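Fold and contact review
Each chain, letter by letter, is given below.
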There are 2 protein chains.
Amino acid sequence: MADEAKPVAIEADAVPPSPPGRGYPEPFASRVAGRVRRPLGDVFGLTHFGVNLTRLPPGGMSALRHTHRSEDEFVYILEGNPILATNEGETALRSGMCAGFKAGSGNAHHLINRTESEVVYLEIGDRAAGDTVIYPDDDLGRALAPDGSRMFVHRDGRPY
Amino acid sequence: MADEAKPVAIEADAVPPSPPGRGYPEPFASRVAGRVRRPLGDVFGLTHFGVNLTRLPPGGMSALRHTHRSEDEFVYILEGNPILATNEGETALRSGMCAGFKAGSGNAHHLINRTESEVVYLEIGDRAAGDTVIYPDDDLGRALAPDGSRMFVHRDGRPY
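Conventions used here
Residues numbered from 1 in each chain as written. Chains lettered and ligands numbered in written order. Predicted model: local features only at pLDDT ≥ 70, side-chain atom pairs only at ≥ 80, totals over all residues. Heavy atoms only, no water. Phe/Tyr/Trp six-rings, centres within 6.5 Å; stacked < 30°, edge-to-face > 60°. Helix = DSSP H or I, 4+ residues; strand = E, 2+ residues; numbered from the N terminus. Buried < 20%, exposed > 50% of the residue type's maximum accessible area, 1.4 Å probe, protein only. Contact = heavy atoms within 4.5 Å. Buried area = accessible area lost by both parts, 1.4 Å probe. Salt bridge = Lys/Arg side-chain N within 4 Å of Asp/Glu carboxyl O. Pairing = 2+ DSSP bridges. Least-squares fit on C-alpha atoms with pLDDT ≥ 70 in both.

Right, let's talk about the packing of aromatic side chains for a bit. Inspection of the entire model under this criterion finds 10 aromatic pairs over all chains. A centroid spacing of 6.4 Å and a plane angle of 65 degrees characterise the contact between F44(A) and F74(B), whose relative ring orientation is edge-to-face. One end of the pair, F44(A), is in the loop between helix 1 (40–43) and strand 3 (49–56); the other, F74(B), is in strand 5 (residues 73–79), on a second chain. Residue F44(A) shares its accessibility class with F74(B), and that shared class is buried. Relative to Y160(B), the ring of F28(B) lies with its centre 5.9 Å away and its plane at 85 degrees, an arrangement referred to as edge-to-face. With F28(B) in the loop between strand 1 (10–11) and strand 2 (36–39) and Y160(B) in the segment after strand 13 (150–153), the pair connects residues that are 132 residues apart, well separated along the chain. Judged by its relative accessible area of 6%, F28(B) is buried. Following the ring pairs from residue to residue traces out a cluster consisting of Y24(A), Y135(A) and F152(A).

In structure tokens form, the structure reads like this:
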């Protein structure tokens, strides 16, 4: 998008969602079905960090429980009452609460919506080079291919 | 703060505000009087980007109108109706709207609260090394000292 085509400001809910097909291989992709992520920072050409406005339907989850080696992450709850699951157990969140996850901390986390209402939150992550991801509850990891691209692998290193 | 002392999640409004005295030299500091910034990311030890929950009283402003050379910035409006002033002029914002400012774009910006109600927003900025700041409306710039520390200077380069 050319610089002159970028808006000054936008309604966050008007940003087109990311395509749902990207991301995990099956059977993991189905577990985040219904999650809708709107990439807000991309609209303005931001590259140093990403900001998503994300909606979880009842029964939805933000991601598989995971921890990044190289990227900081942060979430701020706008609506609803998700559960934050971390290495410490479960914590009930509500609108106006936030949580942060330091790169390399090893504290694997995700949000789960066990309510009958939608959960809406902002999620921010930087885009550190060379990031890999650990999913301690699943036979999954996100590795770096020799060319630097991201690849999903089994625990034993075999690619999906 | 030791790792084990960090909370899993927090009420954003319960985070202690940053000290108001830091930042601009006078007469500029007085122009952002009343602005209250809560550094949310710091609570969790994040270092790749900062997240502030910021409140502007009636008549307040987010900052002098400015643009960063090296840092991306993003704001998301939670409450109230600020004016976003940029190189393009003025845009009225409301809850659920957002704006982003790419590093080096030269698009100087700030939020102004001309209403009788408080404005509340999240502001995110990364922490790129070597950042400098231009304030096109004021006799002010933020430069890098030889030791890498940040220093405020006049337009002609004299330090404040």
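Moving on, we get to unusual backbone geometry. With omega at 10 degrees, the peptide bond leading from E26(A) into P27(A) counts as cis. Relative to the helices and strands, P27(A) resides in the loop between strand 1 (10–11) and strand 2 (36–39).

Below, the discussion takes up the interface of chain A and chain B. On the chain B side, the residues contacting the 40 residues of chain A number 40 residues. Across the chain A to chain B interface the summed buried area is about 3,000 Å²; carbon plus sulfur atoms make up 70%. For chain A, the biggest contributors to the area lost against chain B are V8(A), H48(A) and F49(A); these three give 19% of the whole. Taken together, the links from chain A to chain B amount to 2 salt bridges. R94(B) serves as the salt-bridge partner of E11(A), at 2.5 Å between the closest nitrogen and oxygen.

The next subject is the sheet that holds strand 2 of chain A. Here 6 strands make up an open sheet; going across it, the order is 2(A)-3(A)-10(A)-5(A)-8(A)-1(B) and the pairing antiparallel. Whereas interior strands pair on both sides, the edge strands pair on one side only; in this sheet they are strand 2 of chain A together with strand 1 of chain B. Note that strand 8 (residues 97–101) of chain A and strand 1 of chain B share 2 bridges and pair antiparallel. Looking across to strand 1 of chain B, one finds that M97(A) is bridged to E11(B).

With that settled, the discussion passes to the environment of E116(B). Residues and elements named next belong to chain B. One can find E116 in the loop between strand 9 (110–112) and strand 10 (119–126). For E116, a relative accessible area of 73% gives the class exposed. Along the sequence, E116 and N81 sit 35 residues apart, while their C-alpha atoms lie 9.7 Å from each other.

All names here are of chain A. The full count for this structure, using the stated rule, is 26 salt bridges over all chains. Between D13 and R55 there is a salt bridge whose closest N-O contact spans 2.7 Å. Highlighted residues: D13 in the loop between strand 1 and strand 2 and R55 in strand 3, separated in sequence by 42 residues. The buried category is assigned to R55, whose relative accessible area is 16%. Salt bridges sharing partners connect three or more residues here, namely D13, R38, R55 and E118.

Turning to the sheet that holds strand 13 of chain B, a few remarks are in order. All names here are of chain B. The strand order 4-11-12-13 describes an open sheet built from 4 strands, whose pairing is antiparallel. A strand with exactly one partner marks an edge of an open sheet, and here the two such strands are strand 4 (67–68) and strand 13. Relative to strand 11 (residues 133–135), strand 4 runs antiparallel, the two sharing 2 bridges. Residue pairing across strands places H68 opposite V133, the latter belonging to strand 11.

Summarising the sheet, strand 6 (residues 83–86) of chain B and strand 7 (residues 89–92) of chain B pair through 4 bridges and their orientation is antiparallel. Note that in strand 7 of chain B the partner of T86(B) across the bridge is G89(B).

This next bit is on the relation of the copies chain A and chain B. For the pair chain A and chain B, the best superposition has an RMSD of 0.0 Å and corresponds to a rotation of 180 degrees with a translation of 0.0 Å parallel to the axis. Given the turn and translation reported, the copies of this chain are related as if by a two-fold rotation axis. With an isologous cut-off of 70% or more, the 100% of interface residues of chain A that recur at the interface of chain B puts this contact in the isologous class.

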